[in-house]
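A look at the structure
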Amino acid sequence: NYVTYSNAHFENASNVERTVMFPKNEKFFIITDYVVPKTQTQVNTVEQYWHMHPSANLSITNDGKNEFRSNFESGANVIVAPVDSASFKDVTKVDSLYAPDYGTFIEHKNGMYVKETYGPTSFGTIIYPLEEGKDRSIETSVIDTGIADNGATAFNIKITDPATGE
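Residues numbered from 1 in each chain as written. Predicted model: local features only at pLDDT ≥ 70, side-chain atom pairs only at ≥ 80, totals over all residues. Heavy atoms only, no water.

**Considering the sheet that holds strand β4 (residues 44–50)**
To be explicit about the condition: DSSP bridges decide pairing: two strands pair if at least two such bridges lie between them. A helix here means a DSSP run of H or I that spans at least four residues, while a strand means a run of E at least two residues long, and both kinds are numbered starting from the N terminus. Every axis corresponds to a line fitted to the C-alpha atoms, with the helix fit spanning only the stretch in contact, and the corresponding angles, defined between N-to-C directions, vary from 0 to 180 degrees.
Read from one edge of the open sheet, 3 strands run β4-β9-β8, paired in antiparallel fashion. The sheet is open, and its two edges are formed by β4 and β8 (90–101), each paired on a single side. On average, adjacent strands in this sheet sit at an angle of 35 degrees to one another, irrespective of strand direction. In the sheet, β4 pairs with strand β9 (residues 104–117) via 7 bridges, with the strands oriented antiparallel.

Now the structure itself:
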């Protein structure tokens, strides 16, 4: 399954386009955000947020992959794995508010990837749901298309079970 949509209602971007692909047999999502800043003659800071429920106990892997992971005490979890984390200026958890009911707010942390760019940029992300008690290792590598970042991206994905290597 595949969907793409865009939104031009951002303070510092003339357009943000998100593409979501869900290969049914693989059971994970590939998300690409393509951001065109309003000003392309100066450095722009572009932020991508990943929101999780407050009880997710969000963590950031410290293995160079910069994945955000949920850590629910029981049940399923999720991995948010960036394709090109080397291009990030920052990977951090930021303060956020969750509103479970009207007028009720809970403080918690969400994940944020930050890039600095002169022109358009893309964020490639793998969203991988984990069954309870399972884990996966996600390796990605960018394929150089030889063209400027104009929304066309290519990358390899390798997903393995760290317990078996398969």
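**Quick notes on the pattern of salt bridges**
Using the following cut-off: Salt bridge, as used here: a side-chain nitrogen of Lys or Arg that lies within 4 Å of a carboxyl oxygen of Asp or Glu. For the exposure calls, accessible area comes from a 1.4 Å probe over protein chains only, and a residue counts as buried if that area is under 20% of its type's maximum, exposed if over 50%, partly exposed in between.
The full count for this structure, using the stated rule, is 7 salt bridges. We note a salt bridge from glutamate 67 to arginine 69, for which the minimum N-O separation is 3.2 Å. Take glutamate 67: its relative accessible area is 2%, and that puts it in the buried class. Classification of arginine 69 by relative accessible area gives buried; the value is 15%. Aspartate 161 is the salt-bridge partner of arginine 136, the closest N and O atoms lying 3.5 Å from each other. Remark: aspartate 161 occurs in the segment after β12 (155–160) and arginine 136 occurs in the loop between β10 (121–130) and β11 (137–142); sequence separation between them is 25 residues.

**Here we look at the sheet that holds strand β2 (residues 13–21)**
Sheet strands pair by backbone hydrogen bonding; their relative direction is either parallel or antiparallel. In spatial order, the strands read β1-β2-β3-β10-β7-β6-β5; together these 7 strands make up an open sheet with antiparallel pairing. Because the sheet does not close on itself, it has two edges, and the strands there are β1 (2–7) and β5 (59–60). Of the strand pairs in this sheet, β1 and β2 are connected by 6 bridges, and their pairing is antiparallel. Bridge pairing in β2 links threonine 4 to threonine 19.

**Overview of the pairing of β8**
Both faces of the sheet carry side chains from a regular strand, because those side chains alternate between them. Relative to β9, β8 runs antiparallel, the two being bridged by 10 bridges. From the neighbouring strand, leucine 97 faces β9, where its bridge partner is glutamate 107. Connecting the antiparallel pair β8 and β9 is a turn made up of 2 residues, with glycine 103 showing a positive phi of about 80 degrees.

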